[in-house]
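Structural characterization, general
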Amino acid sequence: MPRFLLLLFLFACVAGAAELSLLYTQDFNSSVGGEWSSASTATLPADASRRVLGLFGNNTVNLSLGTAIPHNSLKISFDLYMNASTDGTGASYPTGGTDFSVAEYWSLQAGGLVLLNTTFSSHRYQSYPYNYDSNNLQASAPRTGAAEVFSNNDTRYRLEFTFDHTASNVQFAFSGSNWQSLADESWALDNVTVWYEPIPEPGTFFLYALSLLAISHLFFLSKKA
Ligand SMILES: [Ca+2]
Ligand SMILES: [Ca+2]
């Protein structure tokens, strides 16, 4: 085998040792399992062809998963939809002036660990992509960071978090607080996927060490040549 091909192969072996494994995925297009504390689904207000988990306002929705396979970390990604008149920090855009009464908060926790605690808005200042900070109510313009903005200024955010985790189960809490009625504003979830980073088997450690040795040896040889 040519040396560079062997090198590529060995690099692939080493890189493969840290790959993530799929734990869970859900698109809410059919029935919703008991791992969710709410099985309420709806079609997205801005696009009736999309079925989502929702619609929610002042709600906490939990996702409880077993994670018995030994692992070092978890990764979660999902679509978060913000519908209708979401009000962010309550600071008017772009002129300023604040109405705290309409500020609404959205957070994600995993086993009590806060992954995000922020605000979103279709038309006022929002906190995202930062966490909510009462001293910086004009952190971001409306809809900042959205992966998709609909013609009515509804938005889709693609969120992704990786965090250390070793326990045999995990509970994610998706939560809204101080929201107005669902008719005025709402949020929804879709395409929720969770991965884990497996702890490499002892055999994998051996392969890893062997690969590194072989790579350094080949580099040494190619330098000599
Ligand atoms: Ca869906
Ligand atoms: Ca509102």
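Provided above is the structure to which this section pertains.
Here is a short report on the structure shown in this document. Residue positions are given per chain, counting from 1 as you read along its sequence in written order. Each chain is given a letter, starting from A, and each ligand a number, starting from 1, according to the order in which they appear as written. Thresholds applied to this predicted model are a pLDDT of at least 70 for local features of residues and 80 or more for the giving and counting of side-chain atom pairs; totals over whole chains, interfaces and linings are not thresholded and use all residues.

Consecutive side chains along a regular strand alternate between the two faces of the sheet. Summarising the sheet, strand E1 (residues 21-26) and strand E11 (residues 185-198) pair through 5 bridges and their orientation is antiparallel. Its bridge partner lying in E11, Gln 26 is registered against Val 192. Pairing of strand E3 (residues 47-56) with E11, which is carried by 2 bridges, proceeds in the antiparallel orientation. Residue pairing for E11: Leu 53 is matched across the bridge by Leu 189. For strand E5 (residues 71-84) and E11, the ladder comprises 12 bridges, and the chain directions are antiparallel. Its bridge partner lying in E11, Asp 79 is registered against Asp 190. When DSSP finds two or more bridges between two strands, those strands count as paired. Under the scheme used here, helices are H or I runs from DSSP no shorter than 4 residues and strands are E runs no shorter than 2 residues, and both carry numbers assigned from the N terminus.

Next up on the list: the sheet that holds strand E10 (residues 169-177). The sheet built from 4 strands is open, its strands ordered E4-E10-E6-E7 with antiparallel pairing. The open sheet is flanked by strand E4 (60-66) and strand E7 (113-118), the only strands paired with a single partner. For this sheet, the mean angle separating the axes of adjacent strands, direction not counted, is 10 degrees. When strand E6 (residues 105-110) meets E10, the two strands line up antiparallel, connected through 6 bridges. Comment: axis = line fitted to C-alpha atoms, over the contacting stretch for helices; angle = value between 0 and 180 degrees taken between N-to-C directions.

Here we take up the environment of Glu 104. If you trace the backbone, Glu 104 turns up in the loop between E5 and E6. Any residue whose C-beta has 12 or fewer other C-beta atoms within 10 Å is treated as exposed, any with 20 or more as buried, and any in between as partly exposed, C-beta atoms being built from the backbone. Residue class for Glu 104 comes out buried when judged on the 23 C-beta atoms lying within 10 Å of it. In sequence terms Glu 104 and Thr 86 are 18 residues apart; their C-alpha atoms lie 7.7 Å from each other. Throughout, a pair of residues is in contact if the C-beta atoms placed from their backbones lie within 7 Å. Those residues in contact with Glu 104, other than ones at most four positions away along the chain, are Thr 86, Asp 87, Thr 119, Gly 176, Asn 178 and Trp 179.

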